[in-house]
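Given next are the chains, with one letter for each unit.
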Amino acid sequence: MKKKNVKKIRKLKCEALYEVNLISMEYEQIIEKTKKEEKSSIFEGLEWISDEDLKDLYIKRKDRKYAALTIELYALVEQLLKDIYSECNDGKEYKKEDNVNTILDLQEKLKDYIEFDKNTNTKLLADLRNYIIHDTFSLKHARKKWGIKKKNKELFHSLLDTVKKYINNMIVK
């Protein structure tokens, strides 16, 4: 592979890890805002929504936020692979075929350029993403569908770790 391509792919990986960290920070903010302890408002006296109402709003939306963040993690990995594909194929855009897992298809098409860690599996991420998008926009329901015993918080931590490991363990040939 050309030295220029290798540098570009490494840059794409770094940018993707940065995005994963931003998603992780958003996740931490959700956890912080939905803690059970009482908090005072940052803008005390200028409240549009009371702390209690804001807390209720976050709690009601928490499962949907987990679902959205899960979709973002999947989209981040997919876009990284599409960008790498384009870089390795002189700017040619990836064309998805019907009924294929995009990530697995891209891994197959990139195997001459990138070595993927066989121990890091993105299938669960893809399955959860597909269920969330096509069935019920809820990570809780997706967990039940796939028989996952972990709570949303534990599962999302696991997905974050998987994506970080997946990106970090890509080796440019």
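Residues numbered from 1 in each chain as written. Predicted model: local features only at pLDDT ≥ 70, side-chain atom pairs only at ≥ 80, totals over all residues. Heavy atoms only, no water.

## Let's talk about the packing of aromatic side chains
Two measures describe an aromatic ring pair: the distance that separates the ring centres and the angle between the ring planes. Within this structure, the stated rule accounts for 5 aromatic pairs. Ring plane angle 80° and centroid distance 5.7 Å describe the contact between Y85 and Y94, whose orientation is recorded as edge-to-face. The two residues Y85 and Y94 agree in class, both being buried. A connected cluster of aromatic rings, assembled from ring pairs, spans Y27, Y66 and F156. (Phe/Tyr/Trp six-rings, centres within 6.5 Å; stacked < 30°, edge-to-face > 60°. Buried < 20%, exposed > 50% of the residue type's maximum accessible area, 1.4 Å probe, protein only.)

## What to know about the layout of surface pockets
The computed volume of the second largest pocket comes to approximately 250 Å³. Looking at the second largest pocket, it is lined by 15 residues, and the ones nearest its centre are Q107, E115, F116, D117 and K118. Of all the secondary-structure elements, those providing two or more residues to the lining of the second largest pocket are helix 3 (102-110) and strand 1 (114-115). Classifying every residue of the lining of the second largest pocket by side-chain character gives 4 nonpolar, 4 polar and 7 charged. (1 Å grid on protein atoms, 1.4 Å probe; cavity = no way out; pocket = protein on both sides within 12 Å on 5 of 7 lines; lining within 4 Å. Points joined across faces, edges and corners; volume = space filled by probe spheres on them. Helix = DSSP H or I, 4+ residues; strand = E, 2+ residues; numbered from the N terminus. Nonpolar A, V, L, I, M, F, W, Y, C, P; charged D, E, K, R; others polar.)

## Observations concerning the pattern of salt bridges
Scanning the entire structure with this criterion turns up 7 salt bridges. Measuring nitrogen to oxygen at the nearest pair gives 2.8 Å for the salt bridge that ties K65 to E26. Residue K65 is found in helix 2 (residues 51-88), and its partner E26 is found in helix 1 (residues 3-33); the two are separated by 39 residues along the sequence. Under the relative-accessibility criterion, E26 is labelled partly exposed at 25%. Salt-bridge contacts for E97 lead to K109; the nearest nitrogen and oxygen are separated by 3.8 Å. Here E97, found in the loop between helix 2 and helix 3, pairs with K109, found in helix 3; they are 12 residues apart in sequence, far enough to count as distant. (Salt bridge = Lys/Arg side-chain N within 4 Å of Asp/Glu carboxyl O.)

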